Amino acid sequence: MDFKLSEEQLMIRDAARDFAKAELLPGVIERDNKQEFPTEQVKRMGELGFLGMMASPEYGGGGMDTVSYVLAMEELSKIDASCSVIVSVNNSLVCWGLDTYGTPEQKEKYLSKLTTGESIGAFCLSEPEAGSDATSQKTTAIDKGDHYILNGTKNWITNGGSADYYLVIAQTDREKKHRGINAFIVEKGWEGFEVGPKEDKLGIRGSDTHSLIFNDVKVPKENRIGEDGFGFKFAMKTLAGGRIGIAAQALGIAAGAYELAKEYSKVRKAFGTEIMNHQAIAFKLADMHTQIEAARMLVYKAAMDKDNHESYDLSGAMAKLYASQVAMDVTVEAVQVHGGNGFVKEYHVERLMRDAKITQIYEGTSEIQKIVISRSILKD
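For clarity, every value in this text was computed on a predicted model and none was experimentally measured.

Draft legend 1. Broad picture of empty space enclosed by the protein. A complete count under the given rule lists two cavities of 30 Å³ or more for this structure. Of the volumes computed, that of the largest cavity is approximately 50 Å³. Around the largest cavity, the lining residues are V28, R31, D32, D80, S82, I204, R205, G206, R351 and D355. The element best represented in the lining of the largest cavity is helix α2 (residues 28-34), accounting for three residues. Residues that form the lining of the largest cavity fall into these classes: two nonpolar, two polar and six charged.

Draft legend 2. Layout of the UniProt feature "domain: Acyl-CoA dehydrogenase/oxidase N-terminal" (unreviewed entry) in the protein chain. As annotated by UniProt and renumbered to match this structure, "domain: Acyl-CoA dehydrogenase/oxidase N-terminal" (unreviewed entry) occupies residues 6-118. Between the C-alpha atoms that bound residues 6-118 there is a distance of 30 Å. The span itself is 71% helix and 0% strand.

Draft legend 3. Representation of the side chain of H338 within the structure. The residue H338 is located in helix α9 (residues 313-338) in this model. In this structure H338 comes out as buried when scored by relative accessible area, which is 4%. A polar contact of 2.8 Å, which involves the side chain of H338, links it to the backbone oxygen of A334. Each residue touching H338, except ones within four places of it in the same chain, is listed here: L260, A261, Y264, Y347 and V349.

Draft legend 4. Highlighting the layout of surface pockets. Within this model, the largest pocket holds a volume of roughly 1,300 Å³. Around the largest pocket, the lining comprises 44 residues; the ones closest to its centre are L239, R243, E363, G364 and I368. Every element with two or more residues in the lining of the largest pocket is listed here: α5 (81-101), β3 (147-158), α7 (231-267), α9 and α11 (366-378). In terms of residues, the lining of the largest pocket owes the most to one element, α7, which gives seven residues.

What counts and how
- Every chain is numbered independently, its residues counted from 1 as its sequence is written.
- A pLDDT threshold of at least 70 governs which residues receive local features in this predicted model, and a stricter bar of 80 or more applies before side-chain atom pairs are shown or counted, although totals over entire chains, interfaces and linings include all residues.
- Side-chain calculation: all heavy atoms of the structure are included, whereas hydrogens and water are not.
- Lining residues are those with an atom within 4 Å of a point, where the points come from a 1 Å grid over the protein atoms alone and group into cavities, where a 1.4 Å probe fits but cannot get out, or pockets, open sets with protein on both sides within 12 Å along at least five of seven lines.
- Grid points are joined across faces, edges and corners, and a volume is the space filled by probe spheres set on the points.
- Helix and strand definitions here come from DSSP, where helices need a minimum of 4 consecutive H or I residues and strands a minimum of 2 consecutive E residues; each element is numbered from the N-terminal end.
- Put simply, Ala, Val, Leu, Ile, Met, Phe, Trp, Tyr, Cys and Pro go in the nonpolar bin, Asp, Glu, Lys and Arg in the charged bin, and everything else, Gly too, in the polar bin.
- UniProt positions are given in the numbering used here, feature names are shortened, and annotations may be inferred rather than shown by experiment.
- Think of it in three bands: with a 1.4 Å probe and only protein chains considered, a residue is buried below 20% of the maximum accessible area for its type, exposed above 50%, and partly exposed in between.
- Pairs of N or O atoms are called polar contacts if they sit within 3.5 Å, as long as, within protein, a hydrogen donor faces a hydrogen acceptor (for residues adjacent in sequence, only side-chain-to-side-chain pairs).
- Throughout, a contact is declared for two residues whenever any of their heavy atoms are within 4.5 Å.

Written out as structure tokens, the structure is:
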């Protein structure tokens, strides 16, 4: 058991940390207030290789391991979770899904643009009546021989308005239930494809979240991913890896809030001394640090399982479940450590607290993670 990171992994971590402080921190509060998509920052992340970290170098990706990816996710999330979720979706859901299951033609046409940031991707599974219950897809894709006709609505889609390419999950044969679901690559601008209004969210407000409407959208047969009926398995396999990315995001949010609270405790005075000298504050920081280290070990373990080609359904679910709870607990305590200033935007912790909540919801709620975990531990 080796807890040491390689020199390359440390270099990637440090590069992400430096980028976050230099290019994500300036303007992060204003972007949050205005719900402004970080266009320039995303462009820079693409140029630096953060948008296709694990994808094949053959298609412009970095060919990096999952541990390197979660290290970068943690550092970016300490500063701006709106940017890090864009990185997570593009890497974990879109690029990984295409790189693993796409045809050479699909990879050449789409993946090579997604890895470099020339194009942005979105993953479209959730619907008004199919969030946690992903088998209840109402969006349909009717087979017309050389193409499909796509109809339906998708909800809460990250990068919904800014993406160029969308991986859409739809029902082709309802009688086959989940075995009749397919996954398709849909391009923005196709006739009948409409992007709905932007959601006004509690947190990650710089990330654009939209509903998508498909009205008789013609999708070429060559844009189906995998064999007929592979869509549900594709979604579940992709989300299993995506949960590791969101666990890393939650870890980063918690770590960012803790670092701010610790530094604040060294300069804020009360009753004649810095508040870090009061046991009430010191014990809060001790608990926060311990929770974060425990979450970090779970996240790294899940990433290593994936890198070692071992099953990561259980470890990924545990990492997301625990790290997202730690993100909530630590950010609430960080606000408390800051006192009245914690309720003020300029100190950042209130934004981190708002950002933390979504990590318990998207890419599988905490309740869904408990289902995954309990089924895994009880099946033997």
